[in-house]
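# Notes for the structure review
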Amino acid sequence: MTISINAAFDSGNIVVDSIDGTRARLSIRRDRESDFFQWFHFRVACAVGDELELAIAGLGDSAYPDGWPGYAACASYDRENWFRLDTGYDAGTLTINHSAEGQLLWIAYFAPYSMERHHDLIASVAECDGVSYRCLGTSLEGQPIDCLEMGTGPVQVWLYARQHPGESMAEWWMEGALEKLTDPEDPVSRVLLTECTFRIVPNMNPDGSRRGHLRTNAVGVNLNREWHAPSAEKSPEVLCVRNAMDGTGVDFAMDVHGDEAIPANFLAGFEGIPSYGEEQGRLFKLFSDTLERLSPDFQTRQGYEIPKPGEANMSMSTTQLAERYGCVSMTLEMPFKDNFDLPDPIYGWSPERSKHLARACLDALHAILPELKSASTEKARELEGAKG
Ligand code: ZN
């Protein structure tokens, strides 16, 4: 019997170049109006016992060729439990070998987080006591930019994810954060909700998510290069969120991402912004060190190169927010591969581990809260002084 392959569904992406029995030659479609490609998500219809050999070719031109060595593809039979497959990479071709244990196998770059699941998440959290739903605007294709507000405290916290839609671990992280914050028994969340007001945008890029993009919105724009000058024409998703932030002010912000190449969890900060402040920098480091103590899945040895003073890229959200509000702002990167310090050969980095890391991030926020509070009081006092 010959296998068949299909990706015509929410966040699907694959091009079938040829099929020969249980072997297929495939490639990845580029993001619309863009050269980026790396995300794949497709379904294989086969027979139990089929020896599948799926080769995804042309990856030398993908967005992050360094993402493929040491990477294993994700798969599921029930679309709930996602495990890793036997995967090799050589000369631009990723080859997946698997002996089929069912008739339908889903395969993806990482466990997908569909727009349907996104709506389930928004609906269930909006039902919780003390949560206000706010639609901040719409995407280019008319999808809502959903924001969940909770808490009554003076510290303004913004959490947002999936500017890069292929980084689905970012929305799994959001699911973990929202579950914790809406757990009425959780002591950390009870304190956080008294001391802080949270605005949470679990998906900044619904169009890219539904289209199966790696990195851009419906017109090929990388949203995390728009924060200095978002526009209604190219990046309404950023414009509406940044306007809402201008309305509330920001004391603490986290932008959640995935990294293709580095097999570790790490943070990137805002070194190199024009107005870089010692206290702002100290609080960022305090959060990072605290998170490292709280979670064995987080580390500070590997990460991005730190920009020199004055050389920050101000089009990115983390740097733009740190400059604009004088806040503690950061980009969290989770691996597509695994945390090689604490590897899991069956699941690799996974939805569950992303959710655990979200809980640890909230624990770290709680741990630094006294210092964050005194910094934000100081900032408010300075603003008040400037007005007078
Ligand atoms: Zn990203």
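So, here's what we can say about the structure. In this convention, every chain numbers its residues from 1, walking through the sequence in written order. Only residues with pLDDT of 70 or above have their local features reported here, since the model is predicted, and side-chain atom pairs are shown and tallied only from 80 upward, although totals for entire chains, interfaces and linings are computed over all residues. As a convention, hydrogens and water are excluded, and side-chain values are obtained from all of the structure's heavy atoms.

Before going further, it helps to examine the nonpolar core. Counting 91 residues, the largest nonpolar core has Phe-40, Phe-42, Leu-54, Ile-107, Trp-173, Phe-198 and Phe-287 as its most contacted members. Where helices and strands are cited, they refer to DSSP runs of H or I of at least four residues and of E of at least two residues respectively, numbered from the N terminus. No other element matches the 8 residues that helix α2 (residues 169–181) contributes to this core. Throughout this description, the term nonpolar core refers to a set of buried Ala, Val, Leu, Ile, Met, Phe, Trp, Tyr and Cys residues connected via side-chain atoms within 4.5 Å. Buried, partly exposed and exposed residues are distinguished by accessible area as a fraction of the type maximum, computed with a 1.4 Å probe on protein chains only: under 20%, between the cut-offs, and over 50%, respectively.

The next point concerns the pattern of salt bridges. In the sections that follow, a salt bridge refers to a side-chain nitrogen of Lys or Arg positioned within 4 Å of a carboxyl oxygen of Asp or Glu. Across all of its chains, the model carries 23 salt bridges by this definition. Where Arg-211 meets Glu-141, a salt bridge forms, and the shortest distance between an N and an O atom there is 2.5 Å. Residue Arg-211 is located in helix α4 (residues 206–211), and its partner Glu-141 is located in the loop between β11 (131–138) and β12 (144–150); the two are separated by 70 residues in the primary sequence. The class of Arg-211 is partly exposed, set by a relative accessible area of 26%. The partly exposed category is assigned to Glu-141, whose relative accessible area is 35%. Across the pair Asp-297 and Arg-353 runs a salt bridge whose closest N-O atoms are separated by 3.1 Å.

Computed over the protein atoms alone on a 1 Å grid, cavities are sets of points where a 1.4 Å probe fits but cannot get out and pockets are open sets with protein on both sides within 12 Å along at least five of seven lines; a residue lines them when it has an atom within 4 Å of a point. Grid points are joined across faces, edges and corners, and a volume is the space filled by probe spheres set on the points. Roughly 920 Å³ of volume is contained in the largest pocket. Surrounding the largest pocket, 44 residues form its lining, Leu-267, Ala-268, Gly-269, Tyr-304 and Glu-305 being those nearest its centre. Every element with two or more residues in the lining of the largest pocket is listed here: β15 (252–259), β16 (266–268), α6 (278–294), α7 (317–325) and β17 (328–335). Among the elements that line the lining of the largest pocket, the one with the most residues is α6, at 6 residues. The class makeup of the residues in the lining of the largest pocket is 15 nonpolar, 16 polar and 13 charged. Classification used: nonpolar for Ala, Val, Leu, Ile, Met, Phe, Trp, Tyr, Cys and Pro, charged for Asp, Glu, Lys and Arg, polar for all others including Gly.

For two strands to be treated as a pair, DSSP must find at least two bridges joining them. Taken in spatial order, the 7 strands line up as β11-β12-β14-β13-β15-β17-β16 in an open sheet, and their pairing is mixed. Whereas interior strands pair on both sides, the edge strands pair on one side only; in this sheet they are β11 and β16. Recorded for the sheet is a direction-independent mean angle of 25° between the axes of neighbouring strands. Pairing geometry for strand β13 (residues 155–161) and β15, over 5 bridges, is parallel. Each bridged residue has a counterpart across the sheet, and for Tyr-160 the counterpart in β15 is Asp-255. Pairs of residues are marked as contacts when any of their non-hydrogen atoms sit within 4.5 Å. Think of each axis as a best-fit line through the C-alpha atoms, taken over the contacting stretch in the case of a helix, with angles from 0 to 180 degrees between the N-to-C directions. Sheet contacts for α7: β13, β15, β16 and β17; angle to β17, the most-contacted strand, approximately 165°.

If you trace the 5 strands from one edge of the open sheet to the other, you get β2-β3-β5-β9-β8, paired in mixed fashion. The outermost strands of the open sheet, each flanked by one partner alone, are β2 (15–20) and β8 (86–90). On average, each strand axis in the sheet is tilted by 20° relative to the strand beside it, whichever way the strands run.

The next subject is unusual backbone geometry. Of note, Arg-79 is a non-glycine position whose phi angle comes to about 65°, a positive value. Looking at the element boundaries, Arg-79 is found in the loop between β6 (74–76) and β7 (83–84). Given a relative accessible area of 48%, Arg-79 falls into the partly exposed group.

What follows concerns the pairing of strand β5 (residues 51–56). Pairing between strand β3 (residues 23–27) and β5: 4 bridges, direction parallel. Residue Ala-24 lies in a different strand from β5, and its bridge partner there is Leu-54. In the sheet, β5 pairs with strand β9 (residues 93–99) via 6 bridges, with the strands oriented antiparallel. The residue bridging Leu-54 from the neighbouring strand is Ile-96, located in β9.

Let's shift gears to the coordination of the zinc ion. The donor set covers N, O and S atoms within 2.8 Å of the metal, switching to 3.2 Å for Na, K and Ca, and it leaves out water, so a site may look short of donors. Every protein donor of the zinc ion is listed here as His-164 (ND1), Glu-167 (OE), Glu-167 (OE) and His-257 (ND1), and their distances to the metal cover 2.1 to 2.4 Å. A four-donor site is called tetrahedral if each angle lies between 85 and 135 degrees; a four-donor site is square planar, and a six-donor site octahedral, when trans pairs exceed 155 degrees and the remaining angles lie between 65 and 115; all other cases are labelled irregular. Angles of 57 to 145° at the metal separate the 4 donor atoms of the zinc ion, which places the site in the irregular class. Take His-164: its relative accessible area is 3%, and that puts it in the buried class. A residue is classified by how much of its surface remains accessible, and His-257, at 2% relative accessible area, is buried.

Take the packing of aromatic side chains next. We call Phe, Tyr and Trp rings a pair once their centres come within 6.5 Å, taking the six-membered ring for Trp, and we label the pair stacked below 30 degrees between planes, edge-to-face above 60, and tilted otherwise. One pass over the structure, following the stated rule, counts 16 aromatic pairs. Ring centres of Trp-68 and Tyr-109 lie 5.3 Å apart, and the angle between their planes is 40°; this geometry places the pair in the tilted category. Separated by 41 residues along the polypeptide, Trp-68 in the loop between β5 and β6 and Tyr-109 in the loop between β10 (104–108) and α1 (115–126) bring together distant segments of the chain. What makes Trp-68 buried here is its relative accessible area of 0%.

Interaxial distance between α2 and helix α8 (residues 351–367) falls to 7 Å at its minimum, and their mutual angle equals 50°. By the angle between their directions, the pair α2 and α8 is classed as oblique. Crossing handedness for the pair α2 and α8: right-handed. Residues Met-169, Trp-172, Trp-173, Glu-175, Gly-176, Ala-177, Glu-179, Lys-180 and Leu-181 of α2 form the contact with α8, whose participating residues are Pro-351, Ser-354, Lys-355, Leu-357, Ala-358, Arg-359, Cys-361, Leu-362 and Asp-363. In these notes the angle categories are as follows: under 35 degrees is roughly parallel, over 145 is roughly antiparallel, 65 to 115 is roughly perpendicular, and the rest is oblique. Working rule for handedness: look at the near helix, and if it is turned counterclockwise from the far one by less than a right angle, call the crossing left-handed; if clockwise, right-handed.

Another aspect to go through is the environment of Ala-358. With respect to the helices and strands, Ala-358 occurs in helix α8. Relative accessible area serves as the criterion here: at 0%, Ala-358 is assigned to the buried category. Sequence-wise, Ala-358 and Ala-177 are 181 residues apart; in three dimensions their C-alpha atoms are separated by 5.1 Å. Ignoring any residue separated from it by four or fewer positions in sequence, one finds Ala-358 in contact with Trp-173, Gly-176 and Ala-177.

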